[in-house]
Amino acid sequence: MTTNVRPVLEGRAVRLAEVAVDRVAAINRCADVLEEIGAVHPAYREAMLDREWAMSTYLGEGVAIPHGLDVSRVLVRRDALAVLRFPGGVAWDGGRVSVCVAIAARGDGHVAVLGALADILLDPERARALREATDPAAVLAMLHPVAQP
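Residues numbered from 1 in each chain as written. Predicted model: local features only at pLDDT ≥ 70, side-chain atom pairs only at ≥ 80, totals over all residues. Heavy atoms only, no water.

Asks: Please give an account of the overall build of the chain that cites residues and values.
Replies: Along the backbone of the chain there are five helices and five strands. When the elements of the chain are put in sequence order from the N terminus, they spell out β-α-α-β-β-β-β-α-α-α. When the 149 residues of the chain are sorted by exposure, 48% land in the buried category. The contacts of the chain with a sequence gap of at least 6 include a subset with a gap of at least 24, amounting to 69%. Surface summary for the chain: the accessible area is close to 7000 Å², and the carbon and sulfur share equals 57%. (Helix = DSSP H or I, 4+ residues; strand = E, 2+ residues; numbered from the N terminus. Buried < 20%, exposed > 50% of the residue type's maximum accessible area, 1.4 Å probe, protein only. Contact = heavy atoms within 4.5 Å. Areas by Shrake-Rupley, 256 points an atom, 1.4 Å probe, with all protein chains shown as cover.)

Here is the structure:
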């Protein structure tokens, strides 16, 4: 089964040349983008950091999925994703992250996103392509699978 995340990922939320000195700075950049696109209240930033300290959002394969705690859903104005690539990498809970997929979800809409990400990360070539992407259109295509009839 394929998953379509088109409603929550916009081209303006894909940033592929970010820099962060650590995971706190990376999460703050993710929050910046979610705020810029009007998806979250500014207080969501703290919820993202709180989630990170409660349990790391590092998935492996160079990818982290910063998001807020369940109680912070009231701070989400609309479901959205932001994909930020950190070409220099960011030290992250014992790993190294080059891509953050920030999630803002009012309900369980992010579960489909996690499934699509898992499919990508389980395929070494697709995971590498995501980590090395330099074209926002390529990222959008990866995370926008075509629905099968």
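Asks: Quick one: what's the story with unusual backbone geometry, residue by residue and with numbers?
Replies: In this structure, Glu-61 is a non-glycine residue whose phi angle is positive, near 55 degrees. By the secondary structure assignment, Glu-61 is in the loop between strand 2 (58–60) and strand 3 (63–64). A relative accessible area of 42% places Glu-61 in the partly exposed class.

Asks: Can you break down the pattern of salt bridges residue by residue, with the values?
Replies: This structure, assessed with the given rule, holds twelve salt bridges. Where Glu-61 meets Arg-131, a salt bridge forms, and the shortest distance between an N and an O atom there is 3.2 Å. Of this pair, Glu-61 sits in the loop between strand 2 and strand 3 while Arg-131 sits in helix 4 (residues 124–132), placing them 70 residues apart in sequence. Owing to a relative accessible area of 22%, Arg-131 belongs among the partly exposed residues under this scheme. The salt bridge involving Arg-128 is made with Glu-125; its shortest N-O contact spans 2.8 Å. Highlighted residues: Arg-128 and Glu-125, both in helix 4, separated by three residues, approximately one helical turn. Look at Arg-128 and you get partly exposed, because its relative accessible area is 33%. Overlapping salt bridges bring together Glu-18, Arg-29, Asp-32, Glu-35 and Arg-45 as one network. (Salt bridge = Lys/Arg side-chain N within 4 Å of Asp/Glu carboxyl O.)

Asks: Could you give an account of the sheet that holds strand 3, naming the residues involved and the relevant values?
Replies: The five strands are arranged 1-4-5-3-2 in an open sheet whose pairing can be described as mixed. Pairing within the sheet leaves two strands with one partner each, and these edge strands are strand 1 (14–15) and strand 2. Relative to strand 3, strand 2 runs antiparallel, the two being bridged by two bridges. Looking across to strand 3, one finds that Tyr-58 is bridged to Ala-64. Lying on the sheet, helix 1 (residues 23–36) is in contact with strand 1, strand 4 (80–92) and strand 5 (95–104); it crosses strand 4 at an angle near 160 degrees. (Pairing = 2+ DSSP bridges. Axes fitted to C-alpha atoms, helices over the stretch in contact; angles between N-to-C directions.)

Asks: Please provide a residue-by-residue account of helix 5 (residues 136–143), values included.
Replies: For helix 5, the set of buried residues is Val-139, Leu-140, Met-142 and Leu-143. For helix 5, the angular spread of the buried residues around the axis is 160 degrees, confining them to a single face. (Arc of directions from axis to C-beta.)

Asks: Before we move on, can you summarise the confidence of the model for the chain with the specific residues and values?
Replies: Chain-level pLDDT for the chain is 88 on average; 90% of the residues reach the 70-or-more range. Looking over the chain, one finds the lowest element-wise mean pLDDT in helix 3 (residues 110–121), namely 77, and the highest in helix 1, namely 98. (pLDDT = per-residue confidence, 0-100.)

Asks: Tell me what's going on with the pairing of strand 4, and back it up with residues and numbers.
Replies: The buried fraction of strand 4 is high, at ten of 13 residues. Of the pairings in the sheet, the one linking strand 1 to strand 4 comprises two bridges and is parallel in character. Bridged to Val-14 within strand 4 is Val-83. Joining the antiparallel neighbours strand 4 and strand 5 is a turn of two residues, in which Asp-93 adopts a positive phi near 50 degrees.

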